[in-house]
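# Structure assessment
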Amino acid sequence: MAINSNAKDVICQGKAILGIEFGSTRIKAVLIGENHEPIASGSHEWENQLIDNIWTYSIDDIWAGLQDSYRKMCEEVKEKYDTEITTLAAIGFSAMMHGYMAFGADDEILVPFRTWRNSITEEASEALTKLFNYNIPQRWSIAHLYQAILNGEEHVKEICFQTTLAGYIHWTLTGKKVLGVGEASGMFPIDIATGKFNQSMVEKFDAAIADKKYPWKLSDIFPEVLSAGENAGSLTEEGVKLLDPSGTLQAGIPLCPPEGDAGTGMVATNSVERRTGNVSAGTSVFSMVVLEKELSKVYPELDLVTTPSGDLVAMVHCNNCTSDLNAWVNIFKEFAEAFGMDVDMNKLFGTLYKKAMEGDVNGGNLLSYNYISGENITGMEEGRPLFVRTPNSKFTLANFMRVNLYTALGALKMGMDILLKEEGVKVDKLLGHGGLFKTKGVGQQILADAMNTPISVMETAGEGGAWGIAVLAAYMSKKAGGESLGDYLGKKVFADQEGSELAPNPEGVKGFDEFIKIYKEGLPIERAAVDSMK
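Residues numbered from 1 in each chain as written. Predicted model: local features only at pLDDT ≥ 70, side-chain atom pairs only at ≥ 80, totals over all residues. Heavy atoms only, no water.

### A look at the side chain of His36
Our working definition: Secondary structure counts use DSSP, requiring at least four H or I residues in a row for a helix and at least two E residues in a row for a strand, with both numbered from the N terminus. Relative accessible area decides the class of each residue, using a 1.4 Å probe on protein chains only: under 20% of the type maximum gives buried, over 50% gives exposed, and in between gives partly exposed. Whenever two N or O atoms come within 3.5 Å, that pair is a polar contact, provided that in protein one can donate a hydrogen and the other can accept it, and provided that, for residues adjacent in sequence, both atoms are side-chain atoms. By definition in these notes, contact holds between two residues if any of their heavy atoms fall within 4.5 Å.
Take His36: it is sitting in the loop between strand 2 (26-32) and strand 3 (38-45). Judged by its relative accessible area of 5%, His36 falls in the buried class. At a separation of 2.7 Å, a polar atom in the side chain of His36 contacts the side chain of Tyr488. Here His36 is in contact with Trp467, Ala474, Tyr488, Lys492 and Val493, once residues within four sequence places are set aside.

Now the structure itself:
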């Protein structure tokens, strides 16, 4: 096998840059070269667990997954370039946003990690939204903290540090209690003028819990907020042992601020400038639209977060996207295997997705809810996946697949309609990334029809957030003077990249609108399932 000498030189000279992202089902490490191109990768599959009605991942699984994805990436480097990684120009870590990780005086976690997927903070979410006059979704870290306070949980008085998954990994490897501003904006509201936590809201929170007489205030236990391009510390000797137990990697490598998957998705799709946006569609689905101004009022369906540089972003976040769809595809896999067939999952997904495009544009009046977990947009605190039809519905394989793709975007459509129709927000380009778009022209077309907006997909978007955080690490390492993140991406990362764009199909737009009408009207069925099936 011919060895790419340029990539090998970059690795040997310590100029390669590493990005690692902890997604909901996969931890991925991506190594990039001097032109930001991926030159090696490794991944590790993992799953959250429902323990005592809390969605969580164990601390042991976090570190085992990190080491496995890094080791596999190193194995690919050895195989492709016949060399080893001893040092790097920069590293970046990112992870799924939000959630709750609280640590005590001994740096040990006080309660199991509570992920974004938990819908257990409704009381706190409503109270804080009223207190701040600012939407505080259930999955935000501050909502988890306040709910623990409202619940009278004993561990709260012992908190010395609270952070997110990305912040935890970064802290453990560098000793620095910091977060990138995009990730921080999913913990607590950001003051756009300062790029830090909103101080007046911090003071309101401290006043609201003053009667509890905890030995801390919010600023004592929250991480420092940094913007893209700032140095966020370096890999310590202890950190090296956790990342690379083989001992090959050296300490002292600089790290960029840890970010969330929303921020890395914006970077991976070159959508950090105003009037741009992206849709990330995998286990969950969320859209991010960079705003020109504040919204006219508070909407419970819309989160206000920021880009990694601190610009205001409207986010529509839905807890469910492809999990139920994947479960149905696995049923077809089992069916095929029962007939003795050897099933290629990529081919199976591609075949079924393409079949969906042969279906009726409204899905044949079939109805599905893909709620594996609760869905905040529609007010469901728990998930009950459902498939419903009338005797007159057109029950075909094509319609079945089409409606399962439609429902993956159903809650997102409801939130985006508020943004685009009620608030009149302008979007010049919307880019899609994530597993839903792997089959060319299917998920992309359905999203275009759902949003009634052209959708682009880039080749690099397939590398996802791990590549995005590697690019943020490169920006920290290579930016010139006061060069903005938007300029860096536009001129140095995406200058020669063309995305494939699909325009909405008028018939598809009409069909999706018909489906969403049925989807809204059928929500009492989902409500009854949540209430009835315990």
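Following the structure, the description resumes.
### Looking at the pairing of strand 6 (residues 90-95)
As a reminder, the rule being used: Two strands are said to pair when DSSP picks up at least two bridges between them.
Counting buried residues in strand 6 gives six out of six residues, a clear majority hidden from the surface. Of the two faces of strand 6, the one holding Ala90, Gly92 and Ser94 and the one holding Ile91, Phe93 and Ala95 are both buried throughout. As defined by bridge partners, strand 1 (residues 17-22) adjoins strand 6 across six bridges and the pair is classed as parallel. Directly across from Ile20, in strand 6, lies its bridge partner Phe93. In terms of strand pairing, strand 6 meets strand 13 (residues 259-260) through two bridges, oriented parallel. Directly across from Ser94, in strand 13, lies its bridge partner Glu259.

### Regarding the sheet that holds strand 2
The condition is simple: Axes here mean lines fitted to C-alpha atoms, for a helix over just the part in contact, with angles spanning 0 to 180 degrees between N-to-C directions.
Reading across the sheet, the five strands line up as 3-2-1-6-13 and stay open at both edges, with mixed pairing between neighbours. Every other strand in the sheet has two partners, leaving strand 3 and strand 13 as the edge strands with one partner each. As defined by bridge partners, strand 1 adjoins strand 2 across six bridges and the pair is classed as antiparallel. By the bridge assignment for strand 2, Ile20 is matched with Ala29. Packing against the sheet, helix 16 (residues 464-478) makes contact with strand 1, strand 2, strand 3, strand 6 and strand 13, and its axis sits at approximately 140° to strand 1.

### Focus on helix 14 (residues 410-422)
Stated formally: The span expected for a helix works out to 1.5 Å for each residue beyond the first. Fitting axes to the seven residues ending at a residue and to the seven starting there, one defines the bend at that residue as the angle between these axes.
The end-to-end C-alpha distance of helix 14, which contains 13 residues, comes to 18 Å, matching closely the 18 Å that a straight helix rising 1.5 Å per residue would cover. Considering bend angle alone, the principal kink of helix 14 is centred on Met416 and spans about 30°. Just downstream of helix 14 lies Gly424, where phi reads positive at about 65°.

### Section: the pairing of strand 3
The side chains of a regular strand alternate, first on one face of the sheet and then on the other. The pairing of strand 2 with strand 3 spans seven bridges and is classified as antiparallel. Bridging across to strand 3, Val30 finds its partner in Ser41. In textbook terms, the turn of a hairpin is the stretch between consecutive antiparallel strands, and for strand 2 and strand 3 this stretch comprises five residues, one of which, His36, has a positive phi near 70°.

### Quick word on a nonpolar patch on the surface
The criterion, for reference: Here the term patch refers to residues with relative accessible area over 30% and no salt bridge, with like charges joined within 9 Å and nonpolar side chains (Val, Leu, Ile, Met, Phe, Trp, Tyr) within 5 Å. For every accessible area listed, the method is Shrake-Rupley and the probe measures 1.4 Å; residues are considered covered only by the protein chains on display. By definition, a salt bridge exists where a carboxyl oxygen of Asp or Glu is found within 4 Å of a side-chain nitrogen of Lys or Arg.
Taken together, the side chains of Phe335, Phe339 and Met341 make up a nonpolar region of the molecular surface, amounting to roughly 380 Å² of accessible area. Assignment of secondary structure puts Phe335 in helix 11 (residues 323-338). Exposure remark for Phe335: the relative accessible area of 52% places this residue in the exposed category.

### Focus: the layout of surface pockets
Our working definition: Method remark: on a 1 Å grid restricted to protein atoms, a set of points is classed as a cavity if a 1.4 Å probe fits but cannot get out and as a pocket if it is open with protein on both sides within 12 Å along at least five of seven lines; lining residues have an atom within 4 Å of a point. Grid points are joined across faces, edges and corners, and a volume is the space filled by probe spheres set on the points. Each residue is assigned to one of three groups, with Ala, Val, Leu, Ile, Met, Phe, Trp, Tyr, Cys and Pro labelled nonpolar, Asp, Glu, Lys and Arg labelled charged, and all others, Gly among them, labelled polar.
Estimated volume of the largest pocket: approximately 1500 Å³. Looking at the largest pocket, it is lined by 49 residues, and the ones nearest its centre are Arg26, Gly282, Gly434, Gly435 and Lys438. When residues of the lining of the largest pocket are traced back to their parent elements, those giving at least two are strand 2, helix 10 (261-268), strand 14 (276-281), helix 11, helix 12 (345-356), strand 20 (429-433) and helix 16. Top contributing element to the lining of the largest pocket by residue count: helix 12, with five residues. The volume enclosed by the second largest pocket comes to roughly 360 Å³. As for the second largest pocket, its lining consists of 20 residues, of which Ser125, Pro137, Gln138, Pro300 and Asn376 are closest to the centre. Grouping the amino acids of the lining of the second largest pocket by side-chain chemistry returns five nonpolar, eight polar and seven charged.

### Quick look at the nonpolar core
Rule in force here: Working definition of a nonpolar core: buried Ala, Val, Leu, Ile, Met, Phe, Trp, Tyr and Cys residues. They are joined through side-chain atoms within 4.5 Å.
Membership of the largest hydrophobic core comes to 129 residues, with the highest contact counts inside it found for Ile142, Leu145, Phe188, Phe205 and Leu412. Considering each element in turn, this core owes the most residues, ten residues, to helix 16. For Leu412, the contacting residues outside a window of four places in its chain are Val279, Val285, Phe286, Ser287, Val316, Cys318, Leu447 and Met451. In terms of nonpolar packing, the next biggest core, distinct from the first, is built from 44 residues, Ala29, Val77, Leu88 and Leu249 among them.

Spatial relationships are all this shows, so hold off on functional conclusions.
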